[in-house]
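Single-letter residue listing:
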Amino acid sequence: MFEKHKNTKQQEPIAPSAQQDSFAASANAPSTSGRAAIIGPGIHINGDINGDENLVVEGRVDGKIRLDAHQVDIGQSGRVNANITAKVIKIAGEVRGDITGTEKVIISRSGNVHGNIVAPRMTLEDGAIFKGSIDMDPGEPVVTKPAKPASPVSKEAAKSVEKASDNPKTVASGKSGGNKSYSLNGG
Amino acid sequence: MVTGAAGVGYTSAASTMSRTQQTLLFPNLIKQVKEDRRLSVLEIGPALPETIEFFSRFKCRLHFAAMYTDPVLQMQMGEYTEAELADHITQSFDFPKNTLFDICLFWDFLNYLDDKALRAFNTAIRPYLHKSTRAHAFTVRTLNTTFSNQQYGIEQAHMFSIRPRQGKQARTTPHTQAILVNLLSNFDIDQGMLLPDGRLEVLMTASL
């Protein structure tokens, strides 16, 4: 059921070609132990998963996943209905459950997540689907950038709303909405 | 860059092109944020990278409700009662217990709800408001104002991002300011700014 990799480049491919992109992503990802267990696309696990190595999920898991010091990759074909706790969590498939990443959480553009996320750093790629909450703590005082067009609006004037604004025009952004992602907390 | 009507600038011919829009009101909302407490924010739309990045500077919990794709937009055209719609919206929200929002970002979502659905929305969101909850929304000054099929994010406190929304646009039911405050009785409008395209950007405070 599980296959272990010490060096994925030297191993025979064990998954269908459709999954190779996500496996490659897993191989390139930071690893704390250099080993990864793989739940293949044809596997359905109903229960809890604990362990001491990285995990790649291309199949289906219902239950809980807890790999505190390791990385969990949910591949594009992965379907997880479970709470996940790990050091690093990368999601390219579907997850329903709460996610705790003690280091970071990454939702790829093909990722679809419904749940609550707690992580010091989080990356959401353009195109990813997420419904739920994200707990964020930058760990430093809040810095609010002053607005460039600092033009206070009086309450009375605003309530009348009879006068069109001179300033609120739309302007070019200089970005195309492509494959963009952001990291939280400076990560 | 090609500049279109109403000062809209486009940067790309790609279908995913985005624009930005200045806002004079949103900074007023953000500058009231207290540094020493965790902020609770409701984003009624989808999660966008720029919005997450913007709020990453705050100690906060950011809730993405993704209501633009919620079945309530179709259900409101059926024979559901206001109470049934309110129950559905509450289930869709699925907010953790004891959630109280400091900031609600409604964007133009309220204009996708007809009168009955908007009253239901008002009922459903009531448990998650406190006396100082503030909200941002777009409404209209006149009912012939149209809303494009677009989604909003926050680039900076004074700058929203606007992206085309994928999928068919749901039916819109624009509400004027007077009608909005009547149907959305949990809020009073504090400030408004008429935009060149006829939309009215408003800041609201809970009136509990």
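Residues numbered from 1 in each chain as written. Chains lettered and ligands numbered in written order. Predicted model: local features only at pLDDT ≥ 70, side-chain atom pairs only at ≥ 80, totals over all residues.

(A) Just the overall build of chain B, in detail. The helix and strand inventory of chain B stands at six helices and eleven strands. C-alpha atoms of chain B, sized along the principal axes, occupy 50 × 45 × 30 Å. Taking all 208 residues of chain B together, the buried fraction comes to 50%. (Helix = DSSP H or I, 4+ residues; strand = E, 2+ residues; numbered from the N terminus. Buried ≥ 20, exposed ≤ 12 C-beta atoms within 10 Å, placed from the backbone.)

(B) How the structure looks around the overall build of chain A. On a plain count of helices and strands, chain A comes out with two helices and 14 strands. Per-residue burial for chain A yields a buried fraction of 36% across its 187 residues. Within chain A, counting contacts between residues at least 6 apart in sequence, those at least 24 apart form 25% of the total. (Contact = placed C-beta atoms within 7 Å.)

(C) Structural view of the nonpolar core. Grouped together as the largest cluster of nonpolar side chains are 94 residues, with contacts concentrated most on A:I84 and B:F106. Per-element accounting of this core gives the leading share, seven residues, to strand β6 (residues 79-91) of chain A. (Core = buried A, V, L, I, M, F, W, Y, C linked by C-beta atoms within 7 Å.)

(D) Seen up close, the environment of A:V72. Residue and element names in this part refer to chain A. Turning to its location among the elements, V72 is positioned in strand β5 (residues 60-74). Separated by 52 residues in sequence, V72 and L124 have C-alpha atoms that sit 16 Å apart. Setting aside residues up to four positions removed in sequence, V72 forms contacts with L55, I65, L67, I84, A86 and I89.

(E) Representation of the pairing of strand β3 (residues 44-50) of chain A within the structure. Residue and element names in this part refer to chain A. Taking burial as the measure, the seven residues of β3 include zero buried ones, a minor fraction of the element. Taken together, the seven bridges between β3 and β5 define a ladder with parallel strand orientation. Note on β5: the bridge partner recorded for H44 is R60. (Pairing = 2+ DSSP bridges.)

(F) Layout of the confidence of the model for chain B. Within chain B, residue pLDDT values average 88, and 91% of them lie at 70 or more. For residues 1-15 of chain B, every residue scores under 50 in pLDDT, and the model assigns this stretch 31 contacts once sequence neighbours within four places are set aside. (pLDDT = per-residue confidence, 0-100.)

(G) Representation of the pairing of strand β3 (residues 19-22) of chain B. Residues and elements named next belong to chain B. Of the two faces of β3, the one holding R19 and Q21 and the one holding T20 and Q22 are both buried throughout. Sheet analysis places β3 next to strand β9 (residues 159-164), joined by four bridges and oriented antiparallel. When the sheet's bridge partners are listed, Q22 is paired in β9 with M159.

(H) Spotlight on helix α4 (residues 82-93) of chain B. Residue and element names in this part refer to chain B. Taking 1.5 Å of rise per residue, twelve residues should cover 16 Å, and α4 covers 16 Å from first to last C-alpha, within 8% of that figure. Listed in full, the buried residues belonging to α4 are L85, A86 and I89. All buried residues of α4 fall inside an arc of 100 degrees around its axis, so they share one side. Among the exposed residues of α4, those oriented more than 90 degrees off its buried face are A83 and Q91. Where α4 is buried, its residues touch α3 (72-75) and α5 (115-125). D94, located one to two residues past α4, shows a positive phi value of around 55 degrees. (Expected span 1.5 Å × (residues − 1). Arc of directions from axis to C-beta.)

(I) Local environment of the packing of α4(B) against α5(B). Residues and elements named next belong to chain B. Between α4 and α5, the shortest axis-to-axis distance is 8 Å and the interhelical angle comes to 50 degrees. Looking at the two axes, α4 sits oblique to α5. Once α4 is placed against α5, the crossing between them reads as right-handed. Contacts between α4 and α5 involve E82, L85, A86, I89, T90 and F93 from the first element and K116, A117, R119, A120, F121, T123 and A124 from the second. (Axes fitted to C-alpha atoms, helices over the stretch in contact; angles between N-to-C directions. Parallel < 35°, antiparallel > 145°, perpendicular 65-115°, else oblique. Left-handed = near helix turned anticlockwise from the far one by under 90°.)

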